[in-house]
Amino acid sequence: MARILLVDDEKQIRRIVSLLLREQRHEVFEAASGSEALELFDRTRPEILLLDLSLPDIGGMDILRSCLEHDPTVKVIMMTAYGTIRSAVEAMQAGAYHYLAKPFDNDELLLLIQRALQVHRLNQEVDDLRSELEARYGFSEIIGVSPRMQEVFRVMAKVAAVDTTVLITGESGTGKELVARAIHRHSHRSEGPFVAVNCGAIPPALVEAEFFGHEKGAYTDAKTSRSGRFQQASGGTLFLDEIGELPLEAQSKLLRVLQEHQVVPLGARNPVSIDTRVIAATNRDVEAAVGTGEFREDLYWRINVVTIKLPPLRERTEDLPLLIDHMLGEFSKELGFQLRHMTDAARELLLGYDWPGNVRELENTLRHALILCEGERLAVDDLPPRIRGQSRSADHPGEDSEATNLADAVAQATERVERALILSRLAEFKGNRTATAESLGISRKTLFNKMRAYGLEQA
């Protein structure tokens, strides 16, 4: 059951549609004009707004914008005469969920309302779960409601309260530094500095000076004394990114610092005490590197007191819709854009992509799309070619395809779109295959066959 506001100046249409909706146990409110609709909307806060595009006093587009401004979560279905379908499409670009051309089929209306409600309630569940996670763990700077990320939050909450070394592992782009910063901000060292070092970017000859500092004259270019990263982070946290890239000699000296809590700057005689927490990160299999002698075993056990393993984005697909909406909102503000809507086709392509570059690639993609976007609607054409399933070269769109003729090319494109759409709907309905099949207008058997063909049995 849902709260539905029906806005139409034709009494007969209101009577028929209201009766149909009440038979489905929906709570229906009726308005015959735009002013009455705005008053009822504020009072009833409906989940669905059935809105006629042409009203005698206030235009349907104005009502749409006003209602979305007051409640962006409401799903608006525009009702329009055949001759004004172009205006209905413009309404969708402005944020409407969908439109129906009059006269419409009752079953079509009910199915559209059912789908709109499922999306509305899924979004509400995600918001509620995110609020629950934030209340429980407090890591509002990291977006994630999937079981894998909930486990990450649980471990983060425990290690933030304990002053111990932490090793964060995960593929490139999964957000290891973001997790390290969140742990620092929620620890008792939050008032101290957070210093990040990319171990793979330091020339081997300069590792010791970079970490431990140097005295004036310690080497040819040392014209002044300089504190190292450990001293700079004293009282706070030192984040050693890509620690697996450190040379063995540097690993030995790092181990000594972690054991003794002292550093000896180059050219100095006396050690300097430090109070620095170390959080390390790597995208390498450090345990395998220990086995091949590329990483010291004693250092591995020193930094690996607690390990946080970040899942790749393709293994936390439940988080994708939330990440997309959050990033679009943040980047729109950052770039000064007024994005209000993303087309269903564009969203389904984003949800169906594997994201080998993880969250970093998603950020890059959405920035790219926003910059190219014209107006307030982000569409498929704004996405990079790789997301749209095109070849890397826009000048040679078929060079990466195995198709030898037009029919094969069309078949391959169809398969890509089908696979992306099935993945999107499975995520939308939380893996419920019956609901997914119904939303796609196919039988469960057909859905199973297509999932098997596209390798989605485990989706």
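The structure we're discussing is the one just above.
Let us look at the structure shown here. Keep in mind that this is a model prediction, so the values were computed, not measured.

1. Describing the pairing of strand β13 (residues 277-282)
Point 1. Counted residue by residue, β13 has 6 buried out of 6 residues, so it is predominantly covered.
Point 2. Covered by surrounding structure in β13 are Arg277, Ile279 and Ala281 together with Val278, Ala280 and Thr282, the residues of both alternating faces.
Point 3. For strand β10 (residues 237-241) and β13, the ladder comprises 4 bridges, and the chain directions are parallel. Counterpart to threonine 237 in the pairing with β13 is arginine 277.

2. A closer look at the packing of helix α2 (residues 34-44) against helix α3 (residues 60-70)
Point 1. Taken N-terminus to C-terminus, the directions of α2 and α3 make an angle of 10°; their axes are 11 Å apart at the nearest point. Looking at the two axes, α2 sits roughly parallel to α3. Seen from α2, the contacting residues are Gly34, Leu38, Phe41 and Asp42; seen from α3, they are Ile63, Ser66, Cys67 and His70.
Point 2. Class assignment for the residues of the contact of α2 with α3 results in 4 nonpolar, 3 polar and 1 charged.

3. Digging into the environment of alanine 201
Point 1. Looking at the secondary structure, you find alanine 201 in the loop between β7 (194-198) and α8 (207-212).
Point 2. The exposed category is assigned to alanine 201, whose relative accessible area is 57%.
Point 3. Sequence spacing of alanine 201 and glutamate 242 is 41 residues, and the spatial spacing of their C-alpha atoms is 9.1 Å.

4. Details of the packing of aromatic side chains
Point 1. Scanning the entire structure with this criterion turns up 6 aromatic pairs.
Point 2. For the ring pair tyrosine 353 and tryptophan 355, a centre distance of 4.6 Å and an interplane angle of 85° mean the geometry is edge-to-face. The pair tyrosine 353 / tryptophan 355 is uniform in exposure class, with both members buried.
Point 3. Among the aromatic side chains, those forming a connected cluster through ring pairs are Phe211, Phe212 and Phe230.
Point 4. Over the ring of phenylalanine 331 we find arginine 367; its NZ or CZ atom is 4.0 Å from the centre of that ring.

5. Digging into the sheet that holds strand β4 (residues 75-81)
Strands pair in a sheet through their backbones, by hydrogen bonds, and they do so in one of two ways: parallel or antiparallel.
Point 1. Judged by pairing direction, the sheet is parallel, and its 5 strands sit side by side in the order β2-β1-β3-β4-β5 without closing on themselves. Looking along the sheet, the strands with just one partner apiece sit at the ends: β2 (27-31) and β5 (98-102). Each adjacent strand pair in this sheet contributes to an overall mean axis angle of 20°, direction not counted.
Point 2. Strands β3 (48-52) and β4 of the sheet are contacted by α3, whose axis makes an angle of about 160° with β3.

6. Brief notes about the pattern of salt bridges
When the charged atoms of two side chains lie near each other, side chains of opposite charge can form a pair.
Point 1. The final tally for this structure, using the stated rule, is 20 salt bridges.
Point 2. In this structure, the salt-bridge partner of lysine 102 is aspartate 8, at a minimum N-O distance of 2.8 Å. One end of the pair, lysine 102, is in strand β5; the other, aspartate 8, is in the loop between β1 (3-7) and α1 (11-23), with 94 residues separating them in the sequence. The pair formed by lysine 102 and aspartate 8 is uniform in burial state, with each residue classed as buried.
Point 3. Glutamate 294 is the partner of arginine 284 in a salt bridge, and the nearest nitrogen-oxygen pair spans 3.5 Å. One end of the pair, arginine 284, is in the loop between β13 and α11 (286-291); the other, glutamate 294, is in the loop between α11 and α12 (297-303), with 10 residues separating them in the sequence.

7. What about the sheet that holds β13?
Point 1. Strand order in the open sheet made by the 5 strands is β7-β10-β13-β6-β14, with parallel pairing throughout. Sheet topology places β7 and β14 (306-309) at the edges, where each strand pairs with a single neighbour. Across the sheet, the axes of successive neighbouring strands diverge by a mean angle of 20°, strand direction being ignored.

8. Some words on unusual backbone geometry
Point 1. Cis geometry marks the peptide bond from lysine 102 to proline 103, where omega comes out at -10°.
Point 2. Tracing the chain through its elements places proline 103 in the loop between β5 and α5 (106-137).
Point 3. Even without being glycine, arginine 25 reaches a positive phi, approximately 70°.
Point 4. Mapping arginine 25 onto the fold places it in the loop between α1 and β2.
Point 5. Residue class for arginine 25 comes out exposed when judged on its relative accessible area of 67%.
Point 6. Here asparagine 358, not a glycine, exhibits a phi torsion of approximately 60°, which is positive.
Point 7. Tracing the chain through its elements places asparagine 358 in helix α15 (residues 358-372).

9. Comments concerning the nonpolar core
Burial of nonpolar side chains together is a common tendency in soluble globular proteins.
Point 1. The biggest cluster of nonpolar side chains holds 30 residues, and the ones touching the most others in it are Phe211, Phe230, Leu240, Ile243 and Phe295.
Point 2. The set of elements that each furnish at least two residues to this core consists of β7, α8, β10, α10 (248-260), β13, α11 and α12.
Point 3. Looking at this core element by element, the count peaks at 5 residues for α10.
Point 4. Residues Leu322, Leu351, Val359 and Ile387 belong to the second largest nonpolar core, which totals 26 residues.

What counts, and at which threshold
Residues numbered from 1 in each chain as written. Predicted model: local features only at pLDDT ≥ 70, side-chain atom pairs only at ≥ 80, totals over all residues. Heavy atoms only, no water. Buried < 20%, exposed > 50% of the residue type's maximum accessible area, 1.4 Å probe, protein only. Helix = DSSP H or I, 4+ residues; strand = E, 2+ residues; numbered from the N terminus. Pairing = 2+ DSSP bridges. Axes fitted to C-alpha atoms, helices over the stretch in contact; angles between N-to-C directions. Parallel < 35°, antiparallel > 145°, perpendicular 65-115°, else oblique. Contact = heavy atoms within 4.5 Å. Nonpolar A, V, L, I, M, F, W, Y, C, P; charged D, E, K, R; others polar. Phe/Tyr/Trp six-rings, centres within 6.5 Å; stacked < 30°, edge-to-face > 60°. Lys NZ or Arg CZ within 6 Å of the ring centre and 35° of its normal. Salt bridge = Lys/Arg side-chain N within 4 Å of Asp/Glu carboxyl O. Core = buried A, V, L, I, M, F, W, Y, C linked by side-chain atoms within 4.5 Å.

Remember that the coordinates give geometry; whether it matters functionally is a separate question.
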